[in-house]
Amino acid sequence: MSRCILKTEGIRKNFGGVVAVKDFSFEIDEGQIIAIIGPNGAGKTTIFNLVSKIYELDAGKISLCGADITKKSQIEVARMGISRTFQNARLFTGLSVLDNVRVALDFAGKYSLIEAMLLLPRRWKTERETTRRAMDCLELLNLDRYAGQRPANLPYGIQRRVEIARALVSNPKVLMLDEPAAGLNPEELFQLMDFLREIRAKYPQLAMLIIEHRMDLVMSISDYIYVQDFGETIAQGVACEIQNDPLVLKAYLGEEE
Amino acid sequence: MSLQLLISGISLGSVYALIAVGFAIVFSVLKFSNFAHGGMISACAYIGYYFQRSFPSTPPIYVTILFSALCGVALSFLVDFIAYRRLRAKQAPNIYYFLASITVSIAIVQILSVFYGNNLYAYPAIFESTTFFIGSIRFSTIDTLILLVSLAMLAVLIYLIDKTRVGLAIRAVAINAQTSKLMGINSGFIIVAVFAIAGVLAGVSGVLLGLKYSIYPTLGSQMMLKGFIASVIGGLGSLSGAIAAAIILGVVEIFLTYYLGSLSTPIILFGVMLVFLAVRPEGIAGRFAKDKV
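Residues numbered from 1 in each chain as written. Chains lettered and ligands numbered in written order. Predicted model: local features only at pLDDT ≥ 70, side-chain atom pairs only at ≥ 80, totals over all residues. Heavy atoms only, no water.

Caption draft 1: Up close: the overall build of chain B. In terms of regular secondary structure, chain B is built from 11 helices and two strands. Going from the N terminus to the C terminus, chain B shows its helices and strands as α-α-α-α-β-β-α-α-α-α-α-α-α. On C-alpha atoms alone, chain B measures out to a radius of gyration of 19 Å, which is about the 19 Å that the 2.2 N^0.38 rule sets for 293 residues. Dimensions along the principal axes, computed over C-alpha positions, put chain B at roughly 60 × 45 × 35 Å. Residue burial in chain B is summarised as follows: out of 293 residues, 55% are buried. Relative to all contacts within chain B whose residues are 6 or more apart in sequence, the contacts with residues 24 or more apart total 76%. When the accessible area of chain B is evaluated, it comes to approximately 13000 Å², of which 69% is carbon and sulfur surface. Between the averaged position of the 17 positive side-chain charges in chain B and that of its 7 negative side-chain charges there is a distance of 10 Å. (Helix = DSSP H or I, 4+ residues; strand = E, 2+ residues; numbered from the N terminus. Rg over C-alpha atoms; globule rule 2.2 N^0.38 Å. Buried < 20%, exposed > 50% of the residue type's maximum accessible area, 1.4 Å probe, protein only. Contact = heavy atoms within 4.5 Å. Areas by Shrake-Rupley, 256 points an atom, 1.4 Å probe, with all protein chains shown as cover. Lys, Arg positive; Asp, Glu negative; His and termini not counted. Charge placed at Lys NZ, Arg CZ, Asp CG, Glu CD.)

Given below as structure tokens:
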């Protein structure tokens, strides 16, 4: 039996009079890939922002591995193993690719400022370990040759992958990818699908939550799909059920005569 | 003669660098110019002075520097607690930090004036001779001490920023505090670390300035202005730019003072800053400091 990792119960967010997310409930198990799809403005990214605590919930409950995390802060939630990417690759522009990934291991580091000043062995050990983990992760995503470069000088598709490496390096329980395929050309999209499969093979326990518009990606890798429209879940199911759901077609294609 | 001037200039510039870096590091993380830094330098100069005086025999200078640095950290935390903490909690616009930091700086100067008046105090002499010779070249003992201590401090600081996890976290928060939080970086701790570093720098530079000049309540504010010029010319928020600019500034100042006198020198220095702002406002380092919330 696989274990439930992340669960939301009736989470809700209003912006002024607009209900961005209305009572969204879902759960994701160990090793599962779930996609959230829906037209622009359906509240998909808001769900991510609620789970990663950028926004406060107006109602509902979120739990991680059975523990209630509704009241936790962004920092706590990140440290507990929920990591994410953004629609517009928010990399640290002034840092090298390697440092961008190493940053995400900061909280796993185990030496203090005092130890660093006295050059104690734990500083060297920790820094070596951090660099090794970051390099492993860059290798997995075939990014190791960019390690010393600044992200701003790299093609957009590479930047998106660096962001995935950064989200993955701390060995999270849940990886949330916000439109990982947006802005990618067809070749890059293929590569992305391959990398997602490799990530799945390397981290069999990792639960992945993906917001995506590219249906070829969604249909080929997700185990289960939620369809959002105007903040509400209008359909859910496995890929073939969703593809033929009349409500989904209506939301995507508009009212048909 | 010009070699001595050069050493003296680099020595002065390295103190400006300590000040500029203390200023720049707070700017890079918190995005405001911490003018309270000048007041803190003055306060630390007095602390060092009284520490030197309070023992029957003058303690070694490194003990005084260490003590002053610790007091600088305490003072830095106190200023943050009194002036900035609530602004942060309210996510106040930068203009309020600016006002708070200037107010704190003036308050510290006034407190020092009330207690010590506007008299000049001089640190007790710590060396038997004010100069020493290497071969036939004469060096100023104090300038050399200042140079060595400052360069050591800067080296430690660069190591800390470039080679440790705290430094990496500071750089990340400086670039984007919001994204850093999602990486699990405790930005609250980073702010504490940054104020601690600024405090150490204020403490050390206070004592070094005290050794070089006589101390008076506005000493720190005046010197901070030079550090501020350096951090602007260096590119606000860029540590290496600030260090380079500070050392150049020190050398230029010493040479100008020697050839033109101390009255007209500041006019030229501030003139250079105005030219820089007009021609290259992004500084030597070449990147605009961005205010991100």
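Caption draft 2: Representation of empty space enclosed by the protein. Tallied over the entire structure, the rule returns three cavities of 30 Å³ or more. Around the largest cavity sit A:Arg102, A:Val103, A:Leu105, A:Asp106, A:Tyr111, A:Thr126, A:Glu127, A:Thr130, B:Arg165, B:Leu168, B:Ala169 and B:Ile185, which together line it. For the lining of the largest cavity, the secondary-structure elements that each account for two or more residues are helix 3 (97-103) and helix 5 (121-140) of chain A together with helix 6 (165-175) of chain B. Its residues assigned to classes, the lining of the largest cavity shows six nonpolar, two polar and four charged. (1 Å grid on protein atoms, 1.4 Å probe; cavity = no way out; pocket = protein on both sides within 12 Å on 5 of 7 lines; lining within 4 Å. Points joined across faces, edges and corners; volume = space filled by probe spheres on them. Nonpolar A, V, L, I, M, F, W, Y, C, P; charged D, E, K, R; others polar.)

Caption draft 3: A look at the environment of B:Ala107. All names here are of chain B. Topologically, Ala 107 is positioned in helix 4 (residues 94-116). Judged by relative accessible area, which is 35%, Ala 107 ranks as partly exposed. C-alpha of Ala 107 to C-alpha of Val 200: the two residues are 93 residues apart in sequence and 20 Å apart in space.

Caption draft 4: Geometry of the sheet that holds strand 4 (residues 59-64) of chain A. Residues and elements named next belong to chain A. Spatial strand order, 2-1-4-5: four strands in an open sheet with antiparallel pairing. Here the strands that pair on one side only, and so sit at the sheet edges, are strand 2 (18-29) and strand 5 (67-68). Examined bridge by bridge, strand 1 (residues 4-15) and strand 4 share five bridges and lie antiparallel to one another. Across the sheet, residue Leu 6 finds its bridge partner in strand 4, namely Leu 64. Helix 1 (residues 44-51) contacts strand 1, strand 2 and strand 4 of the sheet and is inclined by roughly 115° relative to strand 1. (Pairing = 2+ DSSP bridges. Axes fitted to C-alpha atoms, helices over the stretch in contact; angles between N-to-C directions.)

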